[in-house]
Amino acid sequence: MSPEDRWLDQDAGPVVRPYTVTRGRTRTRGDALDLIAVLEATGVPPRARLRLDPEHRMLLTLCRRPVAFADIASEVDLPVGVVRVLVDDLRDENLIRVLKPTPTGDAPDELVLRKLLHGLRAL
Amino acid sequence: MDYAHSDTAVGGGPRAGGRPITAKILIAGGFGVGKTTMVGAISEIRPLRTEEVLTDRSIGVDDVAGVDGKTTTTVAMDFGRITLDDELVLYLFGTPGQQRFWFMWDELAHGAVGAVVLADVRRLADCFPAVDYFEDRGTPFVVAVNCFQGAERKRAEDVRIALDLEEGVPLVMCDVRQRSSARQVLITMVEHVLSSVSPAG
């Protein structure tokens, strides 16, 4: 094997297959969480017997303040699909809530658009 | 990063319990047209990857014949955030232009303010799929012609004809390496959407 053929570090691919964290689960509940949905920890203590993985705990910590789903996915450096499954686990346990529900498909309302315009012009 | 003791909001966004309003704009266009450059010029660019399960729509395009069970593909997305004020954050998502990634576009376009279709005059055809996609979907969009240094200059009207753009779709010339130019593209995008929801404004 020539040195060029050797895979080093990231080139060798992830050490753990991404969906190992979710124990192979790839599907989420029906309402796929939008990337800009805002999440927040509910502050409810986890059930005594609940087994939370380190990734779950990391997400809970990141959600202590309202934060967009895309931001936490970026922060934990796991693929979006994986984080979506983990967030759903936490939602099922009432540990995280979605402050801004998945958009209905409509563009933001006029007030938001005006704020956007104002903000962009001020950049 | 020590998550357990992190006292700052993720990514330096709104803090102190504020509930941010979030909005998103898609940056589309062919490979190498400048999507990453544009996101980087105007926003705080952040890593975001998706590991997507290939759907029926992508199977048949990717050669996964004979592969049993679920197959995933890794897609790196251009992802940027612009914190406009304490309660408003704009997210930019640049998505791969190839047709096999359109399952991602559906999700991203949902609830988006609109889209910027970046075009390169040397390869105008590369942005046809994006123009078609947003027209079909009814997502408001603007076409931004990225004029690279030394690139052949074309008249906006010629590009409009070449793309067979519907009347009313804004077309702007830009240099997305420049922050001010990238910003102007986004402003044009938002103005375009505003004019449709509030014609008088």
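Residues numbered from 1 in each chain as written. Chains lettered and ligands numbered in written order. Predicted model: local features only at pLDDT ≥ 70, side-chain atom pairs only at ≥ 80, totals over all residues.

Looking at an unreviewed UniProt entry, one finds chain B named ATP/GTP-binding protein and attributed to Actinomadura parmotrematis.

Looking at an unreviewed UniProt entry, one finds chain A named DUF742 domain-containing protein and attributed to Actinomadura parmotrematis.

Draft legend 1. Quick look at the overall build of chain B. For chain B, the helix and strand inventory stands at five helices and seven strands. Scored against the burial criterion, the 201 residues of chain B give a buried share of 39%. Residue pairs at least 24 apart in sequence account for 74% of intrachain contacts in chain B once pairs closer than 6 positions are excluded. (Helix = DSSP H or I, 4+ residues; strand = E, 2+ residues; numbered from the N terminus. Buried ≥ 20, exposed ≤ 12 C-beta atoms within 10 Å, placed from the backbone. Contact = placed C-beta atoms within 7 Å.)

Draft legend 2. Up close: the environment of A:V38. Looking at the secondary structure, you find A:V38 in strand β1 (residues 38-41). With 29 residues separating them along the chain, A:V38 and A:V67 place their C-alpha atoms 5.2 Å apart. Discounting chain neighbours no more than four positions away, the residues touching A:V38 are A:P66, A:V67, A:A68, A:L99, A:K100, B:R19, B:P20 and B:T22.

Draft legend 3. Spatial organisation of the pairing of β1(A). Residue and element names in this part refer to chain A. Taken together, the two bridges between β1 and strand β2 (residues 67-68) define a ladder with antiparallel strand orientation. Residue pairing across strands places V38 opposite A68, the latter belonging to β2. As paired elements, β1 and strand β3 (residues 96-98) share three bridges and run antiparallel to each other. When the sheet's bridge partners are listed, E40 is paired in β3 with R97. (Pairing = 2+ DSSP bridges.)

Draft legend 4. Main features of the pairing of strand β1 (residues 21-29) of chain B. Residues and elements named next belong to chain B. Most of β1 sits inside the fold, with nine of its nine residues counted as buried. By the alternation rule, side chains of β1 split into I21, A23, I25, I27 and G29 and T22, K24, L26 and A28, which are all buried. As defined by bridge partners, β1 adjoins strand β4 (residues 88-94) across seven bridges and the pair is classed as parallel. Within β4, the residue paired with I27 across the bridge is G94.

Draft legend 5. Molecular detail of the sheet that holds β3(A). Overall, antiparallel pairing links the three strands, which are arranged β2-β1-β3 (chain A) in an open sheet. What marks the edges here is a single partner per strand, and that holds for β2 and β3 of chain A.

Draft legend 6. Focus on unusual backbone geometry. Positive phi is not limited to glycine here, since A:D77 has a value of about 55 degrees. Structurally, the position occupied by A:D77 is in the loop between α2 (69-76) and α3 (80-92). Among the residues examined, A:D77 registers 10 C-beta atoms within 10 Å and is labelled exposed. Although it is not a glycine, B:D164 sits at a positive phi angle of roughly 55 degrees. Counting through the fold element by element, B:D164 comes out in the loop between α4 (156-163) and β7 (171-174).

Draft legend 7. Representation of the nonpolar core within the structure. Counting 77 residues, the largest nonpolar core has A:F69, B:I25, B:I27, B:V116, B:V117 and B:L118 as its most contacted members. When neighbours within four sequence positions are excluded, B:V116 is seen to be in contact with B:I25, B:I27, B:A28, B:F141, B:V142, B:A144, B:V185 and B:M189. (Core = buried A, V, L, I, M, F, W, Y, C linked by C-beta atoms within 7 Å.)

Draft legend 8. Broad picture of the environment of B:V75. Residue and element names in this part refer to chain B. Summarising the element assignment, V75 is placed in strand β3 (residues 72-85). The partly exposed category is assigned to V75, around which 18 C-beta atoms lie within 10 Å. Residues V75 and T95, 20 residues apart in the sequence, show an inter-C-alpha distance of 8.9 Å.

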